[in-house]
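# Survey of secondary and tertiary structure
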Amino acid sequence: MIPQNILQYLERHQIPFERRPHPRAITAQALAESLHVSGFQVAKSVILRSEDSLWICVVGAPDTVDVDRVAEVTGAKGLRLADESEFATLFPDCEVGAEPPFGRRYGLPVVVDEHLGEAETLLFRAGSHDEALEVRFADFVGVEAPYLGAIVHDRPGAARRLPYDSEALQPDY
């Protein structure tokens, strides 16, 4: 069950959401399978530790965080994957492994992979392994005001986005 304080946080910020119960799923990919959606519609929270704080990185279920890219986007120094013992007490109302992406609720900065914006709505873990929240990407970004950038390792076979406007390079004939 999703902790009441997370639901209240969304309601207080007037963020529409849908609760999506599902069979118990520990991994984000298992969550996608249980809800019969693409893993790219499921966002997972990955907790990183920098020299001076913890960060919530929000990426698609099949993706892995590229720590160097997170450092480029945020300017954070000494980033590494945080150990559960470093953050479990920050989420006392949540099941371990189901940390929500709502950094403002927990006093943590958030960085989001820009590829998630390709989905209109996302499914998030919100403290529970048997219920998810569906939220519009635009609403999530509006309330969290996260850093946005390409923060995941490139997917095999996926075309990498170019850092320029490809339309500007089209011949004009």
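Definitions and limits used
Residues numbered from 1 in each chain as written. Predicted model: local features only at pLDDT ≥ 70, side-chain atom pairs only at ≥ 80, totals over all residues. Heavy atoms only, no water. Phe/Tyr/Trp six-rings, centres within 6.5 Å; stacked < 30°, edge-to-face > 60°. Helix = DSSP H or I, 4+ residues; strand = E, 2+ residues; numbered from the N terminus. Buried < 20%, exposed > 50% of the residue type's maximum accessible area, 1.4 Å probe, protein only. Lys NZ or Arg CZ within 6 Å of the ring centre and 35° of its normal. Arc of directions from axis to C-beta. Pairing = 2+ DSSP bridges. Lys, Arg positive; Asp, Glu negative; His and termini not counted. Salt bridge = Lys/Arg side-chain N within 4 Å of Asp/Glu carboxyl O. Polar contact = N/O pair within 3.5 Å; in protein donor to acceptor, adjacent residues only side chain to side chain. Contact = heavy atoms within 4.5 Å. Core = buried A, V, L, I, M, F, W, Y, C linked by side-chain atoms within 4.5 Å. pLDDT = per-residue confidence, 0-100.

### A look at the packing of aromatic side chains
- By the definition in use, this model includes 7 aromatic pairs.
- Ring plane angle 65° and centroid distance 6.0 Å describe the contact between Phe 102 and Phe 140, whose orientation is recorded as edge-to-face. In this pair, Phe 102 is assigned in the loop between α4 (84–87) and α5 (103–106) and Phe 140 in helix α6 (residues 137–144), connecting sequence segments 38 residues apart. For the pair Phe 102 and Phe 140, a shared accessibility class is recorded, and that class is buried.
- Taken together through their ring pairs, the aromatic side chains of Tyr 9, Phe 102, Phe 124 and Phe 140 make up a single cluster.
- Over the ring of Tyr 106 we find Arg 105, and its NZ or CZ is 4.9 Å from the ring centre.

### What about helix α2 (residues 28–35)?
- Every buried residue belonging to α2 is among Ala 28, Leu 31, Ala 32, Ser 34 and Leu 35, and all of these are buried. Seen from one end, α2 has its buried residues packed into an arc of 165°, which puts them on one side.
- After α2 finishes, the residue His 36 shows a positive phi value of roughly 60°.

### Things to note about the pairing of strand β3 (residues 54–60)
- Burial of β3 is extensive: 7 of the 7 residues sit out of reach of the surface.
- Pairing of strand β2 (residues 42–49) with β3 involves 7 bridges; the strand directions are antiparallel. Residue pairing for β3: Ile 47 is matched across the bridge by Ile 56.
- Taking the residues that link successive antiparallel strands as the turn, the β2-β3 hairpin has 4 residues.

### Description of the side chain of Arg 125
- Examined against the element boundaries, Arg 125 turns out to sit in strand β6 (residues 121–125).
- Although Arg 125 is buried, it forms no salt bridge, and the closest oppositely charged side chain is Glu 99 at an N-O distance of 7.4 Å.
- There is a polar contact of 3.0 Å between the side chain of Arg 125 and the backbone oxygen of Ala 25.
- Side chain to side chain, Arg 125 and His 129 meet in a polar contact 3.5 Å long.
- For Arg 125, the contacting residues outside a window of four places in its chain are Ala 25, Ile 26, Thr 27, Ala 28, Leu 31, Ala 43, Gly 97, Ala 98, Glu 99, Pro 100 and Pro 101.

### Side note on the nonpolar core
- Ranked by internal contacts, the top residues of the largest apolar core, which has 30 residues, are Ile 6, Val 58, Phe 91, Leu 133 and Phe 140.
- Residue assignment for this core shows that the elements contributing at least two residues are α1 (4–12), β2, β3, β5 (110–113), β6, β7 (131–136) and α6.
- The dominant element in this core, judged by the number of residues it contributes, is α1, at 4 residues.
- Ignoring anything within four residues of it in the chain, the contact list for Ile 6 reads Cys 94, Pro 100, Phe 102, Tyr 106, Ala 126, Gly 127 and Leu 133.
- Residues Val 46, Leu 48, Trp 55 and Ile 151 belong to the second largest nonpolar core, which totals 12 residues.

### Details of the confidence of the model for the protein chain
- With 89% of its residues at a pLDDT of at least 70, the protein chain reaches an overall mean of 89.
- Across residues 159–173 the pLDDT falls below 50, and counting only partners more than four positions away or on other chains, this stretch makes 6 contacts in the model.

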